[in-house]
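Notes for the structure review
Letter by letter, the chains look like this.
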Amino acid sequence: MNASLLRPALRVFDFSLGQMLWSRRSVLLGLLVGVPVVLAAVVRLFAASNQLPVINGAGLTGPTLFGILIWMLFVRFIVPVLGVFYGTSLIADEVDDKTITYLFTRPVRRSAVLLGKYLAYLACVVLLVLPSVVVVYFLVVPIGGHIGESFPSLAADLGMLAIGLAAYGALFAFVGARLKRPLITGLVFAFGWETTVLLIPGYLKRLSVAYYLQALVPHAMPQDSTINVLLQAFQDQPSVLVSLIYLFIIVGVSLWLAGRAVETREYVLEQ
Amino acid sequence: MTVRTRYFVIVSLLVIFVGLGTGLVAYYVGFPTSAFFTRNGPEELRFLPSSASVIAYADVREVMASELRQRFRKSLAPEAQENGQHEFQNLTGINIETDIERVVGCFDATASGSAGMGAGVVLARGTFDNVKIEALMREHGAKVEDYKGKRLIVADRFSPPFPVPDGNDSTPTPRVPPQNPETFSLAFIEPGLVALGSTTLVQHAIDLHVGGGESAATNEELVSHVKALEGGNVWALGRMDVLRARAKLPDIVANQLPPITWFSVRGRINGGFQALLSAEARDDESAKNLRDVVRGFLALAKLQTSSKPEFQRFVESLELSGTGRTVALSLDVPSQVFDLLGAAAAPQLARPQQ
């Protein structure tokens, strides 16, 4: 990455970060990351006077519940939603607001604009999602668990979520830069395609981001039945290294394609 | 970047790094679950012998304050419990509800106890009226000795301080001195910590307090098993092989016992009762056989209790697990089960004795 791309990208990042953080879309983001914190606080209060329920015959503990929250709320919902809403809007918002001309008439490469906005997106979502995860961790894990013992899983989760946000953001940045109605396509991909292919046996699931993210998640649902153990043993899952390589490839290729799309596409502003 | 954005970035990064830093410190150093509980178990392990065959722990304060205990207190003969506690308090000056924080006890099968059956000691942490306890023990014939600068209150032989009722007979049972009397002692090891039990082990606890040396806390194998019990407010663990060897059981009985080396029970009493019973077998094959036996008993119990809802829920909560040499049985009994059991037992308790 040369200086002609990076320096203007950092300038765009600088003003885009504030724009993104204090936009109306951030209300949605705040609500999304606030829900798990509220949920964790409620669980903590509930656990102070009651015992947590039993799932699949196994007692629910704080670390297990944290794993469930990470997988069900963050990985399967919050991360893709943020990726779709922010990623697709990086360029589409400027087109809708008819302000793209001001950016593209600057003496900088168009792809630098996209890169700067992508970095701003990444900083914005990482700075909101990761503190939320940390707060949830300290609220939930002490219920029948230990902060120290579960710390490696927290560190792994934070890394995994940051990579997930980067991958979804890059993918949907490309969708936003390439397609005219990117939001619908993004939602269909995140909640239609990704959910479906994970359930279909075969190689189709390799064409999803969730498949590689799943391999990085060190949690599992509480289970103790033999069938569940067998299902897990036979589950087709790539290794952590392979998943990381594929996720970085997804980020790199998506950003490159998004950059190319922005450089070559002619944006027609509707009057 | 505006000032508002800059503050936001700083606060977010602060939350992340403080969280990660705290987690990292907890991971490497370990946060004690209480001021007296380290990652290697309760602090009192330092005063117990390294050759202890059984060690037990109870967080008395937590158990007494638990919802389950409060339910028991209300439902099962509350007046009798109150009277019993008052009687104990009058005799010892100790209020079990408020004065004792926790107790750690051990049984050493290799120590010289009565009739060569080993000896035991209990270390209780809490708030004690030293003068009253000493006076009460002296009233019952105990003598005060000095042992390495500590006041050791020694009773000549182990005898209950008040008459024990014998069945329906209201006359006190005559105290028959044991053939090999083992003296019973009490000593205040340090402020708020009392040791009571066999004189040999109480003296050993004082030795360890004064001069250090090999204790349960330095027995790595034992400590590794204690670590696994962290999280329970009551637990016990022991060496089954040592106990079996000292028990001098007839061969026909000894051969029927499963080849278990270590056993442990970790319990958590709060709204209900959760427990994990673990046993470490001699080898994988023995553990597999033991699991099969327990599985069989579980199936039988489920069959037997299918028509008894008060027991059914309890039996359903039993879960068998374990790999390799370990066999574990977990149970999770919600407080409602105790209510059902209490309701089932109530008519029997109310029935006049024949």
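Note: the structure precedes this text.
Computed from a prediction, not measured in an experiment: that's the story for all the values here.

1. Regarding the overall build of chain A
- Of regular secondary structure, chain A possesses 11 helices and 2 strands.
- The helix and strand sequence of chain A, counted from the amino end, reads α-α-β-β-α-α-α-α-α-α-α-α-α.
- A burial count over chain A gives 43% of its 271 residues as buried.
- Contacts spanning at least 24 positions in sequence make up 85% of the contacts within chain A whose residues lie at least 6 apart.

2. A few points about the packing of helix α6 (residues 110-140) of chain A against helix α11 (residues 240-264) of chain A
Residues and elements named next belong to chain A.
- Look at α6 against α11: their axes get within 8 Å of each other, and the N-to-C directions meet at 135 degrees. When the axis of α6 is compared with that of α11, the two are oblique. For α6 against α11, the interelement crossing comes out right-handed. Of the residues in α11, those touching α6 at R110, S111, L114, L115 and Y118 are L255, A258, G259, V262 and E263.
- Tallied by class, residues from the contact of α6 with α11 come to 6 nonpolar, 2 polar and 2 charged.

3. Details of the interface of chain B and chain A
- Taken together, the contact pairs 24 residues of chain B with 23 residues of chain A.
- The element contributing the most residues to the side of chain B that touches chain A is helix α1 (residues 3-28) of chain B, with 12 residues.
- Counted by class, the side of chain B that touches chain A contains 10 nonpolar, 12 polar and 2 charged residues.

4. Observations concerning the sheet that holds strand β4 (residues 100-108) of chain B
Residues and elements named next belong to chain B.
- Strand order in the open sheet made by the 12 strands is β6-β7-β10-β11-β5-β4-β3-β12-β13-β14-β16-β15, with antiparallel pairing throughout. Strand pairing shows two members of the sheet lacking a second neighbour, β6 (143-147) and β15 (319-321), which therefore form its edges. For this sheet, the mean inter-axis angle between neighbouring strands, taken without regard to orientation, is 15 degrees.
- Here strand β12 (residues 234-239) runs beside strand β13 (residues 260-269); their pairing, made up of 6 bridges, is antiparallel. Across the sheet, the residue bridging to G238 is F263, located in β13.
- Strands β12 and β13 of the sheet are contacted by helix α8 (residues 240-247), whose axis makes an angle of about 60 degrees with β12.

Criteria and cut-off values
Residues numbered from 1 in each chain as written. Chains lettered and ligands numbered in written order. Predicted model: local features only at pLDDT ≥ 70, side-chain atom pairs only at ≥ 80, totals over all residues. Helix = DSSP H or I, 4+ residues; strand = E, 2+ residues; numbered from the N terminus. Buried ≥ 20, exposed ≤ 12 C-beta atoms within 10 Å, placed from the backbone. Contact = placed C-beta atoms within 7 Å. Axes fitted to C-alpha atoms, helices over the stretch in contact; angles between N-to-C directions. Parallel < 35°, antiparallel > 145°, perpendicular 65-115°, else oblique. Left-handed = near helix turned anticlockwise from the far one by under 90°. Nonpolar A, V, L, I, M, F, W, Y, C, P; charged D, E, K, R; others polar. Pairing = 2+ DSSP bridges.

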